[in-house]
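Inside the fold
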Amino acid sequence: MPRKQKLGVEEKIKIIRDYLKGQISISEAARRGKVSGETVNQWIRNYEADGVDAFLSRKNHVYRPELKRQAVEDYLSGIGSLADICRKYHIGNRAQLRDWIKVYNAHGDFNSVKHSGGGSYMKQGRETTQEERIQIVKDCIASGKNYGEMALKYQVSYQQVRSWTLRFEQMGEAGLEDRRGRRKKDQTPRTELEKAQIEIEQLKHKLYLAEMENALLKKLDEIERREAWKK
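What comes next concerns the included structure.

What counts, and where the lines are drawn
- Residues numbered from 1 in each chain as written.
- Predicted model: local features only at pLDDT ≥ 70, side-chain atom pairs only at ≥ 80, totals over all residues.
- Heavy atoms only, no water.
- Helix = DSSP H or I, 4+ residues; strand = E, 2+ residues; numbered from the N terminus.
- Buried < 20%, exposed > 50% of the residue type's maximum accessible area, 1.4 Å probe, protein only.
- Areas by Shrake-Rupley, 256 points an atom, 1.4 Å probe, with all protein chains shown as cover.
- Salt bridge = Lys/Arg side-chain N within 4 Å of Asp/Glu carboxyl O.
- Axes fitted to C-alpha atoms, helices over the stretch in contact; angles between N-to-C directions.
- Parallel < 35°, antiparallel > 145°, perpendicular 65-115°, else oblique.
- Left-handed = near helix turned anticlockwise from the far one by under 90°.
- Contact = heavy atoms within 4.5 Å.
- Nonpolar A, V, L, I, M, F, W, Y, C, P; charged D, E, K, R; others polar.

1. Overview of the overall build of the chain
A count of helical and extended segments in the chain gives ten helices and zero strands. With 231 residues in all, the chain has 37% of them scored as buried. By element, 51% of the accessible surface of the chain is carried by carbon and sulfur atoms, the whole surface being about 15000 Å².

See below:
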(Lines give C-alpha, C1' and ligand atoms only; values in the text may rest on other atoms or scores of the structure.)
Protein backbone atom coordinates (compact mmCIF):
# COMPACT_ATOMS: atom_id res chain seq x y z
CA MET A 1 0.00 0.00 0.00
CA PRO A 2 1.56 3.35 -1.04
CA ARG A 3 2.50 5.71 1.76
CA LYS A 4 0.27 8.78 2.12
CA GLN A 5 2.07 11.87 0.86
CA LYS A 6 2.37 14.67 3.39
CA LEU A 7 0.79 17.95 2.37
CA GLY A 8 3.25 20.82 2.05
CA VAL A 9 2.95 24.09 3.98
CA GLU A 10 2.25 26.08 0.81
CA GLU A 11 -0.61 23.77 -0.13
CA LYS A 12 -2.14 24.03 3.33
CA ILE A 13 -1.96 27.83 3.27
CA LYS A 14 -3.56 27.91 -0.18
CA ILE A 15 -6.45 25.73 0.99
CA ILE A 16 -6.97 27.80 4.13
CA ARG A 17 -6.91 31.11 2.28
CA ASP A 18 -9.32 29.83 -0.36
CA TYR A 19 -11.69 28.81 2.41
CA LEU A 20 -11.37 32.12 4.27
CA LYS A 21 -12.12 33.97 1.03
CA GLY A 22 -15.31 31.94 0.70
CA GLN A 23 -14.13 30.23 -2.48
CA ILE A 24 -14.44 26.68 -1.12
CA SER A 25 -16.32 24.88 1.65
CA ILE A 26 -14.85 22.88 4.53
CA SER A 27 -15.74 19.64 2.77
CA GLU A 28 -13.97 20.79 -0.41
CA ALA A 29 -10.96 21.90 1.63
CA ALA A 30 -10.87 18.49 3.30
CA ARG A 31 -11.09 16.76 -0.08
CA ARG A 32 -8.23 18.81 -1.50
CA GLY A 33 -6.09 18.25 1.57
CA LYS A 34 -7.10 14.58 1.82
CA VAL A 35 -7.86 15.07 5.51
CA SER A 36 -10.94 15.27 7.72
CA GLY A 37 -13.05 18.38 8.15
CA GLU A 38 -11.93 18.62 11.78
CA THR A 39 -8.29 18.69 10.66
CA VAL A 40 -9.08 21.56 8.30
CA ASN A 41 -10.80 23.43 11.14
CA GLN A 42 -7.67 22.94 13.25
CA TRP A 43 -5.51 24.33 10.44
CA ILE A 44 -7.76 27.38 10.28
CA ARG A 45 -7.61 27.95 14.04
CA ASN A 46 -3.83 27.66 14.00
CA TYR A 47 -3.55 30.00 11.02
CA GLU A 48 -5.80 32.61 12.64
CA ALA A 49 -3.71 32.44 15.83
CA ASP A 50 -0.17 32.37 14.43
CA GLY A 51 -0.36 32.87 10.67
CA VAL A 52 2.12 30.95 8.54
CA ASP A 53 4.31 30.32 11.60
CA ALA A 54 1.68 27.88 12.84
CA PHE A 55 2.77 25.41 10.16
CA LEU A 56 6.48 25.62 10.73
CA SER A 57 8.20 22.98 12.84
CA ARG A 58 7.19 23.04 16.53
CA LYS A 59 9.46 20.19 17.60
CA ASN A 60 11.53 22.39 19.89
CA HIS A 61 8.70 24.60 21.08
CA VAL A 62 8.50 24.70 24.87
CA TYR A 63 5.63 26.34 26.74
CA ARG A 64 6.44 28.03 30.04
CA PRO A 65 4.80 26.53 33.16
CA GLU A 66 3.07 29.81 34.01
CA LEU A 67 1.55 29.98 30.51
CA LYS A 68 0.20 26.44 30.87
CA ARG A 69 -1.28 27.24 34.26
CA GLN A 70 -2.88 30.49 33.07
CA ALA A 71 -4.33 28.82 29.97
CA VAL A 72 -5.85 26.01 32.03
CA GLU A 73 -7.24 28.37 34.67
CA ASP A 74 -8.78 30.58 31.98
CA TYR A 75 -10.51 27.54 30.49
CA LEU A 76 -11.71 26.20 33.85
CA SER A 77 -13.00 29.67 34.74
CA GLY A 78 -15.19 29.65 31.64
CA ILE A 79 -13.37 32.53 29.93
CA GLY A 80 -13.42 30.71 26.61
CA SER A 81 -13.70 27.41 24.79
CA LEU A 82 -10.74 25.13 24.10
CA ALA A 83 -10.36 26.78 20.70
CA ASP A 84 -10.58 30.29 22.20
CA ILE A 85 -7.88 29.57 24.77
CA CYS A 86 -5.63 27.96 22.15
CA ARG A 87 -5.89 31.09 20.02
CA LYS A 88 -5.29 33.40 22.97
CA TYR A 89 -2.11 31.63 24.09
CA HIS A 90 -0.93 30.41 20.67
CA ILE A 91 -1.24 26.75 21.63
CA GLY A 92 -0.72 24.32 18.76
CA ASN A 93 -3.93 22.33 19.17
CA ARG A 94 -6.75 21.54 21.55
CA ALA A 95 -5.33 18.11 22.39
CA GLN A 96 -2.32 19.86 23.92
CA LEU A 97 -4.56 22.01 26.11
CA ARG A 98 -6.61 18.96 27.14
CA ASP A 99 -3.41 17.25 28.27
CA TRP A 100 -2.51 20.27 30.40
CA ILE A 101 -5.96 20.25 31.98
CA LYS A 102 -5.51 16.58 32.90
CA VAL A 103 -2.13 17.31 34.47
CA TYR A 104 -3.53 20.31 36.35
CA ASN A 105 -6.44 18.31 37.73
CA ALA A 106 -4.29 15.31 38.59
CA HIS A 107 -1.20 17.03 40.01
CA GLY A 108 -1.64 20.79 40.01
CA ASP A 109 1.94 21.51 38.96
CA PHE A 110 3.54 22.39 35.63
CA ASN A 111 6.86 23.42 37.14
CA SER A 112 8.06 19.86 37.65
CA VAL A 113 9.01 17.58 34.78
CA LYS A 114 7.32 14.70 36.57
CA HIS A 115 4.35 16.87 37.62
CA SER A 116 4.78 15.72 41.20
CA GLY A 117 2.64 18.51 42.64
CA GLY A 118 3.28 21.50 44.86
CA GLY A 119 5.15 23.64 42.35
CA SER A 120 6.08 27.24 42.99
CA TYR A 121 3.30 28.44 40.71
CA MET A 122 0.52 26.94 42.80
CA LYS A 123 -1.94 29.14 44.63
CA GLN A 124 -1.19 29.57 48.33
CA GLY A 125 -3.57 27.96 50.81
CA ARG A 126 -5.97 30.05 52.88
CA GLU A 127 -7.84 29.74 56.15
CA THR A 128 -11.21 28.00 55.84
CA THR A 129 -14.05 26.97 58.11
CA GLN A 130 -15.14 23.37 58.49
CA GLU A 131 -18.37 24.20 56.63
CA GLU A 132 -16.34 25.50 53.69
CA ARG A 133 -14.15 22.42 53.67
CA ILE A 134 -17.17 20.11 53.67
CA GLN A 135 -18.71 21.99 50.73
CA ILE A 136 -15.45 21.96 48.78
CA VAL A 137 -14.90 18.24 49.33
CA LYS A 138 -18.44 17.25 48.37
CA ASP A 139 -18.19 19.37 45.25
CA CYS A 140 -14.81 17.81 44.48
CA ILE A 141 -16.13 14.26 44.79
CA ALA A 142 -19.15 15.11 42.65
CA SER A 143 -16.85 16.51 39.96
CA GLY A 144 -14.82 13.30 39.76
CA LYS A 145 -12.05 14.59 42.03
CA ASN A 146 -10.84 17.40 39.82
CA TYR A 147 -8.61 18.89 42.51
CA GLY A 148 -7.22 21.62 40.30
CA GLU A 149 -10.63 22.81 39.17
CA MET A 150 -11.91 22.93 42.75
CA ALA A 151 -8.80 24.80 43.92
CA LEU A 152 -9.46 27.45 41.30
CA LYS A 153 -13.19 27.61 42.00
CA TYR A 154 -12.83 28.07 45.76
CA GLN A 155 -9.56 30.03 45.74
CA VAL A 156 -7.63 27.51 47.82
CA SER A 157 -4.54 25.45 47.04
CA TYR A 158 -4.48 22.18 45.14
CA GLN A 159 -2.83 20.48 48.11
CA GLN A 160 -5.59 21.62 50.46
CA VAL A 161 -8.36 20.20 48.26
CA ARG A 162 -6.58 16.88 47.84
CA SER A 163 -5.77 16.57 51.54
CA TRP A 164 -9.32 17.43 52.64
CA THR A 165 -10.82 14.95 50.18
CA LEU A 166 -8.58 12.11 51.34
CA ARG A 167 -9.34 12.87 54.99
CA PHE A 168 -13.07 13.05 54.29
CA GLU A 169 -12.97 9.65 52.58
CA GLN A 170 -11.14 8.17 55.55
CA MET A 171 -13.00 9.81 58.43
CA GLY A 172 -15.97 11.74 57.08
CA GLU A 173 -16.74 15.24 58.31
CA ALA A 174 -14.73 14.61 61.48
CA GLY A 175 -11.62 14.46 59.31
CA LEU A 176 -12.23 18.05 58.25
CA GLU A 177 -12.17 19.48 61.75
CA ASP A 178 -9.33 21.80 62.68
CA ARG A 179 -6.86 19.20 63.95
CA ARG A 180 -4.10 21.52 65.07
CA GLY A 181 -3.03 20.56 68.58
CA ARG A 182 -5.15 17.40 68.60
CA ARG A 183 -3.89 13.83 68.54
CA LYS A 184 -5.17 11.56 65.80
CA LYS A 185 -6.58 9.05 68.30
CA ASP A 186 -8.89 11.76 69.68
CA GLN A 187 -10.67 12.24 66.34
CA THR A 188 -14.05 10.71 65.66
CA PRO A 189 -14.05 7.98 62.99
CA ARG A 190 -16.35 8.12 59.96
CA THR A 191 -19.97 7.09 60.57
CA GLU A 192 -22.17 4.96 58.33
CA LEU A 193 -24.16 8.09 57.49
CA GLU A 194 -21.04 9.86 56.26
CA LYS A 195 -20.10 6.82 54.16
CA ALA A 196 -23.54 7.00 52.58
CA GLN A 197 -23.10 10.72 51.89
CA ILE A 198 -19.90 10.03 49.95
CA GLU A 199 -21.62 7.33 47.90
CA ILE A 200 -24.54 9.67 47.18
CA GLU A 201 -22.19 12.38 45.85
CA GLN A 202 -20.45 9.83 43.63
CA LEU A 203 -23.78 8.53 42.31
CA LYS A 204 -24.91 12.09 41.57
CA HIS A 205 -21.83 12.59 39.43
CA LYS A 206 -22.40 9.30 37.57
CA LEU A 207 -26.03 10.29 36.96
CA TYR A 208 -24.92 13.66 35.61
CA LEU A 209 -22.52 11.98 33.16
CA ALA A 210 -25.23 9.53 32.08
CA GLU A 211 -27.67 12.39 31.45
CA MET A 212 -25.06 14.25 29.40
CA GLU A 213 -24.36 11.14 27.33
CA ASN A 214 -28.07 10.57 26.77
CA ALA A 215 -28.57 14.17 25.65
CA LEU A 216 -25.66 13.83 23.21
CA LEU A 217 -27.06 10.62 21.74
CA LYS A 218 -30.45 12.29 21.24
CA LYS A 219 -28.77 15.21 19.49
CA LEU A 220 -26.82 12.90 17.20
CA ASP A 221 -29.99 10.96 16.40
CA GLU A 222 -31.76 14.21 15.54
CA ILE A 223 -28.92 15.24 13.22
CA GLU A 224 -28.92 11.85 11.50
CA ARG A 225 -32.68 12.08 10.92
CA ARG A 226 -32.31 15.54 9.39
CA GLU A 227 -29.52 14.34 7.12
CA ALA A 228 -31.59 11.32 6.06
CA TRP A 229 -34.57 13.60 5.30
CA LYS A 230 -32.40 15.81 3.07
CA LYS A 231 -31.40 12.76 1.03
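2. Side note on the pattern of salt bridges
Across all of its chains, the model carries twelve salt bridges by this definition. A salt bridge links Glu38 to Arg45; the shortest N-O distance between them is 2.9 Å. Since its relative accessible area comes to 42%, Glu38 is described here as partly exposed. Among the salt bridges present, the one from Glu38 reaches Arg94, with a minimum N-O distance of 2.2 Å.

3. Focus on the environment of Trp100
Relative to the helices and strands, Trp100 is located in helix H6 (residues 94-106). According to the relative accessible area criterion, Trp100 is buried, its value standing at 5%. Along the primary structure Trp100 and Ala71 are separated by 29 residues, whereas in three dimensions their C-alpha atoms are 8.8 Å apart.

4. Overview of the packing of helix H8 (residues 147-154) against helix H9 (residues 158-171)
At a minimum axis distance of 8 Å, the contact between H8 and H9 shows a crossing angle of 115°. The angle between the axes of H8 and H9 places the two elements in the roughly perpendicular class. Seen from above, H8 lies across H9 with right-handed handedness. On H9, the residues that touch Tyr147, Gly148, Met150 and Ala151 of H8 are Tyr158, Val161, Arg162 and Thr165. Taken together, the residues that form the contact of H8 with H9 break down as five nonpolar, two polar and one charged.

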